[in-house]
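# Working through the structure, step by step
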Amino acid sequence: MATQVLELLSTNKVFGGELRKYKFKSAALGGLDSNFNLFLPPQATSSKVPLLVYLSGLTCTEDNGAQKGGFFGPAAAKGIALLFPDTSPRGAGIEGEDADWDFGTGAGFYLNATNPKFSKHYNMLTHVTFELPQVLGVADLPIDFSRQSIFGHSIRLYTSSFDSVVFQYRSVSAFSPICNPINCPWGQKAFNGYLQGGVSEAKEQYDATELIKSHTNPVNILIDYGTGDNFYKQGQLLPENFLKAARDAGHDESQVEVRSQEGYDHSYYFISTFAADHINFHAKFI
Ligand SMILES: N[C@@H](CCC(=O)N[C@@H](CS)C(=O)NCC(=O)O)C(=O)O
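Sequence order as written defines the numbering, with residues in each chain counted from 1. With the structure being a predicted model, the display of local features is reserved for residues of pLDDT at least 70 and the display and counting of side-chain atom pairs for 80 or more, all residues being used for whole-chain, interface and lining totals.

The name given to the protein chain in an unreviewed UniProt entry is S-formylglutathione hydrolase, with Mycena sanguinolenta as the source organism. UniProt positions are given in the numbering used here, feature names are shortened, and annotations may be inferred rather than shown by experiment. Taken directly from UniProt, the Catalytic activity (unreviewed entry) text for the protein chain runs: "S-formylglutathione + H2O = formate + glutathione + H(+)". The UniProt entry for the protein chain carries the following comment under Sequence similarities (unreviewed entry): "Belongs to the esterase D family."

## Description of the site of the ligand
By definition, a residue lies near a molecule or strand provided its backbone-derived C-beta atom is within 6 Å of it. Surrounding the ligand, one finds Gly57, Leu58, Thr59, Cys60, Asn64, Lys68, Trp101, His153, Ser154, His266, Ser267 and Tyr268. Each residue gets one of three labels, nonpolar for Ala, Val, Leu, Ile, Met, Phe, Trp, Tyr, Cys and Pro, charged for Asp, Glu, Lys and Arg, and polar for the others, Gly among them. Of the residues contributing to the shell around the ligand, the split by class is four nonpolar, seven polar and one charged.

## Notes on the sheet that holds strand β4 (residues 49–55)
Pairing between strands is defined by DSSP: at least two bridges between them are needed. To qualify as a helix, a DSSP run of H or I must reach at least 4 residues; to qualify as a strand, a run of E must reach at least 2; elements of each kind are numbered from the N terminus. Here nine strands make up an open sheet; going across it, the order is β1-β2-β3-β5-β4-β6-β7-β8-β9 and the pairing mixed. Each of the sheet's edge strands pairs with one partner strand only, and the pair in question is β1 (7–14) and β9 (256–261). Pairs of neighbouring strands in the sheet enclose a mean axial angle of 20°, with direction left out of account. Relative to strand β8 (residues 221–226), strand β7 (residues 172–175) runs parallel, the two being bridged by four bridges. For Ala174, the partnering residue across the bridge sits in β8 and is Ile223. Contacting β8 and β9, helix α9 (residues 239–248) crosses the sheet at an angle of about 155° to β9. Axis definition: a line fitted to C-alpha atoms, limited for helices to the stretch in contact. Angles are taken between N-to-C directions and run from 0 to 180 degrees. Here the contact rule is simple: place C-beta atoms from the backbone, and any two residues whose C-beta atoms are within 7 Å are in contact.

## Comments concerning the UniProt feature "active site" (unreviewed entry) in the protein chain
Sequence positions flagged by UniProt for "active site" (unreviewed entry) are, in local numbering, Ser154, Asp229 and His266. With the annotated positions falling across 113 residues, the maximum pairwise C-alpha distance of 11.3 Å places them together in a single cluster. Along the chain, the position of Ser154 falls in the loop between β6 (143–153) and α4 (162–168). A count of 24 C-beta atoms within 10 Å places Ser154 in the buried class. Those residues in contact with Ser154 that lie beyond four places of it in its chain are Gly57, Leu58, Ser176, Pro177 and Ile178. Once residues lying within four places of it in the same chain are set aside, the contact partners of Asp229 are Ser176, Tyr264, Asp265 and His266. The exposure scheme places C-beta atoms from the backbone and then counts, for each residue, the other C-beta atoms within 10 Å of its own, assigning buried at 20 or more, exposed at 12 or fewer, and partly exposed in between.

Structure representation (structure tokens):
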């Protein structure tokens, strides 16, 4: 892949650190411009800091989590950099990509598309896990890439095959994630659209509940969801399926914690309430 040049679009001082917005031409996304936000804590001026990647949910851009998540204070206190990628390619010009809020633009599902209609541009998996660390490294930013973790909102819990992601990220946490996408309407729609083999192709690669069944190595996972979340009530999230699969595979509460938060909904009011918990969870591992 060619070396990408980062263009700095803006910087803001926040909690003693700095939030930078960057743009670059993404090879993974078929040459489209891609934006991301990067928070560098105050500690980054004197040493390399660990990286925590935040994956936003459906309809979001790189800005939602940065503006509303409430993550900067806790991340500054722990000396952790935060990376906020976008949720999909923008402006690919594919017929139908702007028709729905839960598919296409704003809903890339952090996978690599195999349906030829989408496969040139919809490669958010490579973009997030490989390309962004690479461009940050090339730009010589003060990040220690041997210490990475990942968290997010309404994401598929794992962005790749379980073993490679657990290898890359020391810990994973999520707010109201889609835990068993092959068994919910959002996941089925995305997989049938993006993948040539549809849901059956996704099963072994992109479904956290399926993947944890056969994963026996230790993991560090925290999930919060709200009982007032309409998407939870509609059966889009299915955290119970993930919890059961994890326990059946021998992961006890010291490895996998799934917390039901009474009365909270799907919004950033919920996320910001538990933001510090999640940052502090990851700080133990990175
Ligand atoms: N647009 C959808 C809601 C989608 C939604 O709630 N998305 C979540 C992520 S899964 C979100 O954070 N949206 C943007 C925001 O609240 O800033 C609807 O009308 O039902």
